[in-house]
Amino acid sequence: MNPVRPMDEAPQWSNGGCNGSWKVYAHGVSSDILAMMENYRTDDDIFALATPWGESALAVVRTSGPRAVEKSCLMFSRPGALRAVGTAGLVHGFLMDRLTGEKVDEVMASVYREGHGYTGEEAVEFSCHGSLDGIKRILRLCADTGFRPASPGEFTFRAFIHGRMDLTKAEAVQELVSARSSRARVMALDRLGGALFSRIEQFKQQVLTILSGIEVQLDYAEDEIGGDTGFPVGESIATATALENLAASWHAGQLYGSGARVVLAGATNAGKSSLFNLLLKDERAIVSDIHGTTRDYLEVEAEIDGIPVRLYDTAGLRESADTIEGEGMRRTMHLMEQADIIVLVKDGSVEKQSQEEYIHEDDNRLIVVHNKSDLRSKPLELSGLWISVKKGEGISALVEAIALRLRSRVPENGDEALVIESNRQRDGLYAAAQALRRAAAMDASGVPLDIVAAELHAALRSLGELTGEVTSEDVLERIFSGFCVGK
Ligand SMILES: Nc1nc2c(c(=O)[nH]1)N(C=O)[C@@H](CNc1ccc(C(=O)N[C@@H](CCC(=O)O)C(=O)O)cc1)CN2
Ligand SMILES: Nc1nc2c(ncn2[C@@H]2O[C@H](COP(=O)(O)OP(=O)(O)OP(=O)(O)O)[C@@H](O)[C@H]2O)c(=O)[nH]1
Ligand SMILES: [Mg+2]
């Protein structure tokens, strides 16, 4: 066994950040759904590091559960002061190891009583000094005191179970944490504030109105055959269209939330690495006049005109017998396959380009740029943009072209101001819209109203699943397991 362990190795009950996979097994829990859920229960007390695993000014260790205050008292120097807190309050004191009498850290404890705070159950948060060893010690103290390490998203899960938020708000919490652009953050904050929830409630009301109109007819006109059923086709189609518009906002949500892949590719020596450096305003990539300088690709997170992008500098494409260069080119081809935009950089100072056989110029993801315009007295009348990385010319036009191309891939979502990000929400909205369209089509072809009504119930169910009013354990597991531990 290697006795040397890196100081920053995450302790066993921390996943070292987001998207870890803790497995904690439930034994006998309250409601039906909870009983089915493997990793989440609400009858015990949980703890987690809520801040990143790393040295920091402060670190927050949070706890929650029916006996969180009582348990916290066991490891706090001023249990009386903790117990005396009303609905919520802040107490200064020391974390102590009861068994050894050891003073573990000086902290501020935030106390929330049942019915208050984020989770809506008893909770105590400790703001500690952010040293790695200190954090490790505090997490061990929590475990020794009888708290259980939280699963990903378990605090938010509890907030949902205790009715503090619906599923659209819970999803917004994680979308807010992982927002990669200010637009994505603002949109997530909007959803956290209930904008999406209210919109869905409005849709539900519309469907309910249609449904109640039908049910009146079902009750009173059972023996009437044929004729106008009075099904509101116009309203149904209008609601379906509005649902589809909101669903289509997913594309914008993805663009601003997850971003796009922009790959710089082309012949060797064209100036890809030079352009990469210029766009990042940082000498990240090696530049030289030797063909085949870049071999391993470079990858950097950037923002282009408010859109988060992952920018790649790749190995140049040319005929080469060098096996390492060949591997680099194979990786370039792979990145090009996955790209949202390929900026094809050509050396504008030479006639014959080596990349031509590797790239289909009719690919609609392609933006062609001719570099080194400074070496030509008059640029050739070629399609594509002319730039000079050396002189910094044409760069803003290129950036604009990239942003424009990315935005053009996002369909219009009517006058819908809301934007969604989650695939689940998109699918649910489309499902509801389809049910409404089916209902309208059925009515038009003379299908009996009670069968038409079943489609409207299906639409309501899809909408109810979005807020979590109707749910199943696997939906909940899927949503919360994608969260950070500690959120
Ligand atoms: N320390 C800390 N900061 C945090 C969180 C947290 O859990 N703890 N949050 C977690 O993500 C977010 C804030 N979410 C929260 C939501 C409600 C309440 C709360 O105590 N509500 C009061 C009502 C407040 C009011 O009336 O304005 C209550 O329930 O009594 C606290 C945090 C971001 N910052
Ligand atoms: N005159 C001129 N030279 C440039 C310009 N841009 C890049 N160069 C030069 O062209 C050479 C190749 O640049 P790189 O950025 O390394 O080219 P690359 O496309 O990354 O090449 P590989 O990594 O080999 O595929 C270097 O000597 C650069 O200084 C430009 O706009 N004008
Ligand atoms: Mg290069």
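From a predicted model like this one, the values you see are computed outputs, not experimental measurements.

**Q** Describe the pairing of strand 11 (residues 366–371), naming the residues involved and giving the relevant values.
**A** Burial analysis of strand 11 places six of its six residues in the buried class, which makes it a mostly covered element. Side chains L366, V368 and H370 of strand 11 all project onto a buried face; the interleaved residues I367, V369 and N371 project onto the opposite face, where all are buried too. Where strand 11 and strand 12 (residues 385–386) come together, two bridges link them in parallel fashion. In the strand pairing of strand 12, H370 is matched with W386.

**Q** Describe the UniProt feature "binding site: (6S)-5-formyl-5,6,7,8-tetrahydrofolate" (unreviewed entry) in the protein chain, listing the residues and the values that go with them.
**A** Residues annotated by UniProt as "binding site: (6S)-5-formyl-5,6,7,8-tetrahydrofolate" (unreviewed entry) correspond here to R62, E125, R164 and K487. What makes R164 partly exposed here is its relative accessible area of 38%. In contact with R164, not counting residues within four places along its chain, are G115, H116, G117, Y118, T119, G120 and A159. Within the local environment of R164, its side chain forms a polar contact with the backbone oxygen of G117, the two atoms lying 2.6 Å apart. Structurally, K487 is set in the segment after helix 15 (473–480). A relative accessible area of 25% places K487 in the partly exposed class. Discounting residues that sit within four places of it in the chain, K487 has contacts with R62, Y118, G153, E154, F155, T156, V173, Q174 and V177.

**Q** If you had to explain the side chain of S110 to someone new, which residues and values would you point to?
**A** In this structure, S110 sits in strand 4 (residues 102–112). Residue S110 is classed as buried on the basis of its relative accessible area, which comes to 12%. With sequence-adjacent residues up to four places away left out, S110 is seen in contact with G89, L90, A123, V124 and E125.

**Q** Give a detailed account of the pattern of salt bridges, specifying residues and quantitative values.
**A** All told, the structure shown has 36 salt bridges when counted by the stated rule. In this structure, R180 engages E301 in a salt bridge whose closest nitrogen and oxygen atoms are separated by 2.6 Å. Taken together, the residues span a long stretch of sequence, with R180 in the loop between helix 6 (167–177) and helix 7 (182–192) and E301 in strand 8 (residues 298–304) at a distance of 121 residues. Residue R180 is classed as partly exposed on the basis of its relative accessible area, which comes to 27%. You can call E301 partly exposed: its relative accessible area is 44%. One network of salt bridges, in which partners are shared, links R41, D43, D44, E121, R148, E154 and R158.

**Q** Account for the coordination of the magnesium ion (ligand 3), with residues named and values stated.
**A** Listed as protein donors to the magnesium ion (ligand 3) are S273 (OG) and T294 (OG1); their distances from the metal cover 2.0 Å. With S273 in helix 10 (residues 272–280) and T294 in the loop between helix 10 and strand 8, the pair connects residues that are 21 residues apart, well separated along the chain. Pair check on accessibility: S273 and T294 agree, each one buried.

**Q** Outline the site of ligand 1, supporting the account with residue identities and numerical values.
**A** Every residue close to ligand 1 is listed here: R62, Y112, H116, G117, Y118, E125, R164 and K487. At a separation of 2.7 Å, an oxygen atom of ligand 1 approaches a polar side-chain atom of H116. Here an oxygen atom of ligand 1 and a side-chain polar atom of K487 are 2.9 Å apart. Against a free-state accessible area of 690 Å², the protein chains account for coverage of 41% of ligand 1.

**Q** Go over the sheet that holds strand 2 (residues 56–64), please, and point to the residues and values.
**A** Sheet architecture is open: six strands sit in the order 3-4-5-2-1-6, paired in mixed fashion. Each end of this open sheet is capped by a strand with a single partner; those strands are strand 3 (88–97) and strand 6 (148–149). The pairing of strand 1 (residues 46–49) with strand 6 spans two bridges and is classified as parallel. Paired with F47 across the strands is P149, a residue of strand 6. Packing against the sheet, helix 4 (residues 132–144) makes contact with strand 1, strand 2, strand 3, strand 4 and strand 5 (123–130), and its axis sits at approximately 175° to strand 1. Strands strand 1, strand 2 and strand 6 of the sheet are contacted by helix 5 (residues 154–161), whose axis makes an angle of about 135° with strand 1.

**Q** Let's hear about the sheet that holds strand 9 (residues 307–313): which residues, and what values?
**A** Taken in spatial order, the six strands of this open sheet run 8-9-7-10-11-12, and their pairing is mixed. Edge strands, defined here as strands with exactly one partner in the open sheet, are strand 8 and strand 12. Note that strand 7 (residues 260–266) and strand 10 (residues 341–347) share five bridges and pair parallel. If you follow A265 over to strand 10, its bridge partner there is L344. Sheet contacts for helix 9 (residues 233–257): strand 7 and strand 9; angle to strand 9, the most-contacted strand, approximately 55°. Here helix 10 sits on the sheet and contacts strand 7, strand 8, strand 9 and strand 10; the angle it forms with strand 9, its principal contact strand, is near 150°.

**Q** Give a detailed account of the site of ligand 2, specifying residues and quantitative values.
**A** Around ligand 2 there are 24 residues in total, and K272, S273, S274, G292 and D374 lie nearest to it. Measuring from an oxygen atom of ligand 2, one finds a side-chain N or O atom of K272 at 2.8 Å. Between N371 and ligand 2, the recorded distance is 3.1 Å, taken from a side-chain N or O atom to a nitrogen atom. Taken by itself ligand 2 offers 650 Å² of open surface, and the protein chains cover 88% of this. With three residues, the single largest contributor to the shell around ligand 2 is helix 10. Classifying every residue of the shell around ligand 2 gives six nonpolar, 13 polar and five charged.

**Q** Before we move on, can you summarise the environment of R67 with the specific residues and values?
**A** Along the polypeptide, R67 turns up in the loop between strand 2 and helix 2 (68–74). Along the primary structure R67 and L344 are separated by 277 residues, whereas in three dimensions their C-alpha atoms are 61 Å apart. Apart from the residues lying within four places of it in its own chain, the contact partners of R67 are D43, D44, D45 and E122.

**Q** Go over helix 4 with me, naming the residues and quoting the values.
**A** In this model, helix 4 (13 residues) spans 18 Å end to end at C-alpha, consistent with the 18 Å of a helix rising 1.5 Å per residue. L132, G134, I135, R137, I138, L139, L141 and C142 are the residues of helix 4 that are buried. For helix 4, the secondary structure elements touched by its buried residues are strand 1, strand 2, strand 3, strand 4 and strand 5. Looking one or two places after helix 4, you find G146, whose phi comes out positive at around 105°.

What counts and how
Residues numbered from 1 in each chain as written. Chains lettered and ligands numbered in written order. Predicted model: local features only at pLDDT ≥ 70, side-chain atom pairs only at ≥ 80, totals over all residues. Heavy atoms only, no water. Buried < 20%, exposed > 50% of the residue type's maximum accessible area, 1.4 Å probe, protein only. Helix = DSSP H or I, 4+ residues; strand = E, 2+ residues; numbered from the N terminus. Pairing = 2+ DSSP bridges. UniProt positions renumbered as here; feature names shortened; annotations may be inferred. Contact = heavy atoms within 4.5 Å. Polar contact = N/O pair within 3.5 Å; in protein donor to acceptor, adjacent residues only side chain to side chain. Salt bridge = Lys/Arg side-chain N within 4 Å of Asp/Glu carboxyl O. Donors = N, O, S within 2.8 Å, 3.2 Å for Na, K, Ca; no water. Near = heavy atom within 4 Å. Areas by Shrake-Rupley, 256 points an atom, 1.4 Å probe, with all protein chains shown as cover. Axes fitted to C-alpha atoms, helices over the stretch in contact; angles between N-to-C directions. Nonpolar A, V, L, I, M, F, W, Y, C, P; charged D, E, K, R; others polar. Expected span 1.5 Å × (residues − 1).

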